[in-house]
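Chain by chain, the residues:
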Amino acid sequence: MNKKKLAFFIGFFVLLFLGFYFALARYIPGYADTKLPVLSYVHAFSFANQDGRRITEKDVAGKVYVAEYFFTTCKGICPRMNANMKKIAEEFDGEPDFRILSHTVDPEVDTVGRMKHYADSLGANPAKWWFLTGRKDSLYHLARNSYLLDDPKNNTTSIDEQFIHTQFLALVDKAGRIRKIYDSLKKDELAEMEKDIRTLLKESASSSPRFANGLFNNNPG
């Protein structure tokens, strides 16, 4: 076979493959979408929201949500973070399967009453955007070991000496799996997060088990 015929056959099969791929992408929803990886799994939790209601992992089962950490007295990154989160909340306010979970890193100051005042100042919808407070060690454990928003090595110091201050957000799917981390202060990453939220909202809740041997499997492998 001469070089011209070889080049022709190679070109023909490349075009055939591309045509087949684009046909599948067009007629099979989600075929060409890049799947977000599974980074971690959410452990069980229980905190009080701004209305004093107990919120657990069961309240977000089957929901897509964004998790963040902040504190109400913050004068640095937190106001900018939550101004951006307000835009996300407004964008998806009509979506029944979307939530935002804003956890305090300073629960001694951020009581239910204080979180209520803060949430109201943002015009947050209490049915969709929850401001959570509770035990400091539980809040920090969840941030580090579930949401991957802080280095787990920091657990080695006394809880009284620990203080998380992060601008990063975790996107969680309907099955309680962390799928991506974003910088809340970067417009391009927020735009990407909006797109990814829409993608995850279209996914059905995964049949993959959230528990392993009675405990959350936090090693997706």
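Throughout this document, residue positions are counted from 1 along each chain, in the order its sequence is written. Only residues with pLDDT of at least 70 are given local features in this predicted model, and only at 80 or more are side-chain atom pairs given and counted; all residues enter the totals for whole chains, interfaces and linings. By convention in this description, side-chain values take in all heavy atoms of the structure and omit both hydrogens and water.

A. Examining the pairing of strand E5 (residues 98-104) more closely. Most of E5 is tucked away: seven of the seven residues are buried. In E5, alternate side chains face the same way, and those of Phe98, Ile100, Ser102 and Thr104 on one face and Arg99, Leu101 and His103 on the other are all buried. If the strands point away from the viewer and the path from the first strand over the helix to the second runs clockwise, then the crossover is right-handed. The helix count covers DSSP runs of H or I at least four residues long, the strand count covers runs of E at least two residues long, and both are numbered beginning at the N terminus. The parallel pair strand E4 (residues 64-70) and E5 is bridged by helix H2 (residues 77-91), and the resulting crossover is right-handed. Bridging between E5 and strand E6 (residues 129-132) involves four bridges; their strand directions are parallel. The residue bridging serine 102 from the neighbouring strand is phenylalanine 131, located in E6. Note that the unit made of E5, helix H3 (residues 112-122) and E6 has a crossover that is right-handed. When a residue's accessible area, from a 1.4 Å probe over protein chains only, is under 20% of the maximum for its type it is buried; when over 50% it is exposed; and in between it is partly exposed. Strands qualify as paired when DSSP identifies two bridges or more between them.

B. H2, seen in detail. To estimate the expected span of a helix, subtract one from its residue number and multiply by 1.5 Å. Its 15 residues give H2 an end-to-end C-alpha distance of 21 Å, which sits within 8% of 21 Å, the value for a rise of 1.5 Å per residue. The complete set of buried residues in H2 reads Ile77, Cys78, Met81, Asn82, Asn84, Met85, Ile88 and Ala89. One side of H2 holds all its buried residues, which, seen down the axis, span an arc of 160°. Relative to its buried face, H2 has exposed residues pointing more than 90 degrees away, namely Lys87 and Glu90. In what follows, a contact means two residues having at least one pair of non-hydrogen atoms within 4.5 Å. Packing partners of the buried residues in H2 comprise E4, E5, H3, E6, strand E7 (168-172) and helix H5 (187-202). An arc is given here, and it is the one of the directions from the helix axis to the C-beta atoms.

C. The pattern of salt bridges, seen in detail. Here, a salt bridge means any Lys or Arg side-chain nitrogen found within 4 Å of an Asp or Glu carboxyl oxygen. One pass over the structure, following the stated rule, counts twelve salt bridges. For the salt bridge of arginine 179 with glutamate 203, the shortest nitrogen-to-oxygen distance reads 3.2 Å. With arginine 179 in strand E8 (residues 177-183) and glutamate 203 in the loop between H5 and strand E9 (211-212), the pair connects residues that are 24 residues apart, well separated along the chain. Residue classification places arginine 179 among the buried residues on the basis of a relative accessible area of 4%.

D. Focus on the sheet that holds strand E1 (residues 40-41). One open sheet holds the six strands; their spatial order is E1-E8-E7-E4-E5-E6, and the pairing between them is mixed. Among the strands making up the open sheet, the edge pair consists of E1 and E6. As defined by bridge partners, E7 adjoins E8 across five bridges and the pair is classed as antiparallel. Counted as the bridge partner of alanine 170 is isoleucine 181 from E8. Here the axes come from fitting lines to C-alpha atoms, over the contacting stretch only for helices, and the angles between their N-to-C directions go from 0 to 180 degrees. Relative to the sheet, H3 contacts E4, E5 and E6, its axis offset from that of E6 by approximately 150°.

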